[in-house]
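Tertiary structure, described
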Amino acid sequence: EAEVAQSPRYKITEKSQAVAFWCDPISGHATLYWYRQILGQGPELLVQFQDESVVDDSQLPKDRFSAERLKGVDSTLKIQPAELGDSAMYLCASSLARRETQYFGPGTRLLVL
Amino acid sequence: ELKVEQNPLFLSMQEGKNYTIYCNYSTTSDRLYWYRQDPGKSLESLFVLLSNGAVKQEGRLMASLDTKARLSTLHITAAVHDLSATYFCAVDKNGNKLVFGAGTILRVKS
């Protein structure tokens, strides 16, 4: 069964450092999402791509976060510089199209020291 | 702004018992999802409810949607330990994104 792949699974970094997360969606899925999940809360959407275009990044802290999906397939989420409050699980999801069921990857757990 | 509230936030139940998790949302939507998350793991899609009165069932779980009341329920029948997890409802906001509830932590005790 096709799955969303993410790497790394765990990342420990010091504040002010740069970190990057990678996501490979299910083949053929046009829509890709990055979520942040703080412990004990539900996921919150950071950015949504339709193919290579951003359709929603209203909750993305653009002063330090960036995301790209250059060829409309895999995607990278970057944080620079990382802050203590960025410690969370970062989840990538994909769907065949907008409004279709989203399938989530295993996530990257980030700890900022 | 769309707000999604789940209750209870924590549920401890005995095996074999029945219980219901509630999901209320604040603005009109015609699509609602239920997801399951095991500790340290990602989210697994359980149900998508697409219209008023929709009911879906899978094993011991049954989900329903009342769009007029802006309410969805996830009913657990004869709980077993394997159902222990965190359950999230997520509401489709204007066809653009999902807004998740805070989650209900379910612990089934034998």
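One structure accompanies this document, and this report is about it.

Definitions and cut-offs
- Residues numbered from 1 in each chain as written.
- Chains lettered and ligands numbered in written order.
- Predicted model: local features only at pLDDT ≥ 70, side-chain atom pairs only at ≥ 80, totals over all residues.
- Heavy atoms only, no water.
- Buried < 20%, exposed > 50% of the residue type's maximum accessible area, 1.4 Å probe, protein only.
- Helix = DSSP H or I, 4+ residues; strand = E, 2+ residues; numbered from the N terminus.
- Pairing = 2+ DSSP bridges.
- Core = buried A, V, L, I, M, F, W, Y, C linked by side-chain atoms within 4.5 Å.

Moving on: the pairing of strand 9 (residues 88-95) of chain A. Residues and elements named next belong to chain A. For strand 9, a buried count of 8 out of 8 residues is recorded, marking the element as mostly surrounded by other parts of the structure. Neither face of strand 9 is exposed, since Ala-88, Tyr-90, Cys-92 and Ser-94 on one face and Met-89, Leu-91, Ala-93 and Ser-95 on the opposite face are all buried. Summarising the sheet, strand 4 (residues 31-37) and strand 9 pair through 7 bridges and their orientation is antiparallel. Pairing of Thr-31 across the sheet is with Ser-95, part of strand 9. Bridge analysis of strand 9 against strand 11 (residues 108-112) gives 3 bridges, and the strand direction is antiparallel. Paired with Ala-88 across the strands is Leu-110, a residue of strand 11.

Attention shifts here to the nonpolar core. In terms of nonpolar packing, the biggest core is built from 26 residues, with Val-4, Leu-32, Trp-34, Leu-74, Ile-76, Tyr-87 and Leu-106 of chain B touching the most fellow members. Among the elements that make up this core, the one with the highest residue count is strand 9 (residues 85-93) of chain B (4 residues). Ranked by size, the runner-up nonpolar core spans 20 residues in total, among them Val-4, Cys-23, Leu-46 and Leu-77 of chain A.

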